[in-house]
Amino acid sequence: MLTLLLTGTALAGGFYHPIDIAGESTMFVDAAEQSTKPMEALNRTLGGLSAALIAYEEALDLLGDAAPDDERERLTQLRTEYNREFAQLQAFADAVVEDFDTEFTSAMERAMRPHADAQVCERMVAAGRALPGMPARMEKNPACKGEDLNAAIAAAMDADPALKQAVSEITSATWPTVDLTPTPQAPVGPTEAWIDVRSFIGALAGDRLRQISREDDRDRAEFEMSIAEGASKEELARYVQEAEQLTLRTAQARAEVAAPLLESAEAVLEKWSSKGKPATGWCVNPAVLGGCSGAAADADLVQALIDDKKVQKARP
């Protein structure tokens, strides 16, 4: 957070370093913890929602032409809402970091006034060669001369009324929320019961589906890398078109894997329905986003469907 210029001349007036001061400052540590907790909770929420949106798209892809248009439209709307709320959260987090940086830097400058001759010197440095995967061994920095002023400067900052007031205002601010309202959706097909289509196809063709996703991630990473490196407007337009084509190819690949499995499964379910078992459809909406209305099919029925000879024969 502290972005002071780390320059100075080695003088006899002691030494300090912003990183060491931050570790000594009770107010800095407490403020960092208070800001980290809501961000960690929001990151968990973001991660869950992002995974749910990906799962929603995969489930719709598996249904192919049978995927309802209104569910595709809902997915688009949810993604737009997610991206908007994410952008608002990112802007708020950036502002919090900037405010902390400004206030702590100003307080440190005030606390440094009695120590005008102090040297900027980090008191611990890595010693020897670091081994891969192992933390470096640390030792006292021989370049740091005179008194270690970090604790004294940190104590002066902790007693600074202006910093206390600023930190109180920053940490008491209300963080934006990230929340996609969960709304149950009707199953696709019969509605007496439903089976999660993504889980069902995954149980029968999980390796192939994971391969399709890896290929999509690999090809999409090329666009993202080029964009990060500074693509022109013309290149960006081309990447958008290529990304759209990639999305269609991935959807088609998933549908091709699922089609024979769904066809055989639906034939078995229809036969079972004629013998008194529930007429069963498919659920594409993840539980985080509301799942499906009605009752999930009995676990024994789902396992029996997976184990059915006709269904097994349709596996890729």
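Structure: see above.
Worth saying up front: this structure is predicted, and the values here are computed from it rather than measured.

On to helix α4 (residues 150–158), then. N150, I153, A154, M157 and D158 are the residues of α4 that are buried. In a view along the axis of α4, the buried residues occupy a sector of 140 degrees, so they form one face of it. Buried residues along α4 sit in contact with β1 (15–16), α1 (18–24), α2 (26–63), α3 (69–111) and α5 (161–171).

Moving on: the packing of aromatic side chains. According to the stated counting rule, one finds 5 aromatic pairs in the structure shown. Relative to F104, the ring of F100 lies with its centre 6.0 Å away and its plane at 40 degrees, an arrangement referred to as tilted. Of this pair, F100 and F104 are both found in helix α3, 4 residues apart, which corresponds to roughly one turn of the helix. F104 carries the same exposure label as F100, and that label is buried. The rings of F28, F100 and F104 are connected pair by pair, giving a single aromatic cluster. The aromatic ring of W272 is capped on one face by K277, whose charged end is 4.4 Å from the ring centroid.

Bringing the packing of α2 against helix α7 (residues 233–274) into the picture now. Where α2 meets α7, the axes come as close as 6 Å, and the angle between the chain directions of the two elements is 60 degrees. As the angle between them shows, α2 and α7 are arranged oblique. Between α2 and α7 lies a crossing of right-handed hand. For the pair α2 and α7, the contacting residues are E57, E58, D61, L62 and L63 in the first and T247, A251, R254, A255, A258 and L262 in the second. A breakdown of the residues in the contact of α2 with α7 according to their chemical character gives 6 nonpolar, 1 polar and 4 charged.

Rules used in this analysis
Along each chain, the written sequence defines residue order, and numbers are assigned to residues from 1. Residue-level local features of this predicted model are given only where pLDDT is at least 70; pairs of side-chain atoms are given and counted only at 80 or more, and the full residue set underlies all totals for whole chains, interfaces and linings. Excluding hydrogens and water, the side-chain values take into account all heavy atoms of the structure. Accessible area is worked out with a 1.4 Å probe on protein chains only. A residue is then buried under 20% of its type maximum, exposed over 50%, and partly exposed in between. Each helix corresponds to a stretch of at least 4 residues labelled H or I by DSSP, and each strand to a stretch of at least 2 residues labelled E; elements are numbered beginning at the N terminus. The directions considered for the arc are those from the helix axis to the C-beta atoms. The contact criterion used throughout is that any non-hydrogen atoms of two residues lie within 4.5 Å. Ring geometry is summarised as follows: Phe, Tyr and Trp rings, the Trp one being its six-membered ring, pair when their centres sit within 6.5 Å, and such pairs are stacked at plane angles under 30 degrees, edge-to-face over 60 and tilted between the two. Counting as a charge over the ring demands two things of the Lys NZ or Arg CZ atom: a distance within 6 Å of the ring centre and an angle within 35 degrees of the ring normal. Throughout, an axis means a line fitted to C-alpha atoms (over the contacting stretch in the case of helices), and angles, computed between N-to-C directions, take values from 0 to 180 degrees. Note that the term roughly parallel is reserved for angles under 35 degrees, roughly antiparallel for angles over 145, roughly perpendicular for angles of 65 to 115, and oblique for everything else. Whether a crossing is left-handed or right-handed is set by the direction in which the near helix is turned from the far one by less than a right angle, anticlockwise for left-handed and clockwise for right-handed. Polarity classes work like this: nonpolar for Ala, Val, Leu, Ile, Met, Phe, Trp, Tyr, Cys and Pro, charged for Asp, Glu, Lys and Arg, and polar for all others, with Gly in that last group.

Shape is all these values report; function is a separate question.
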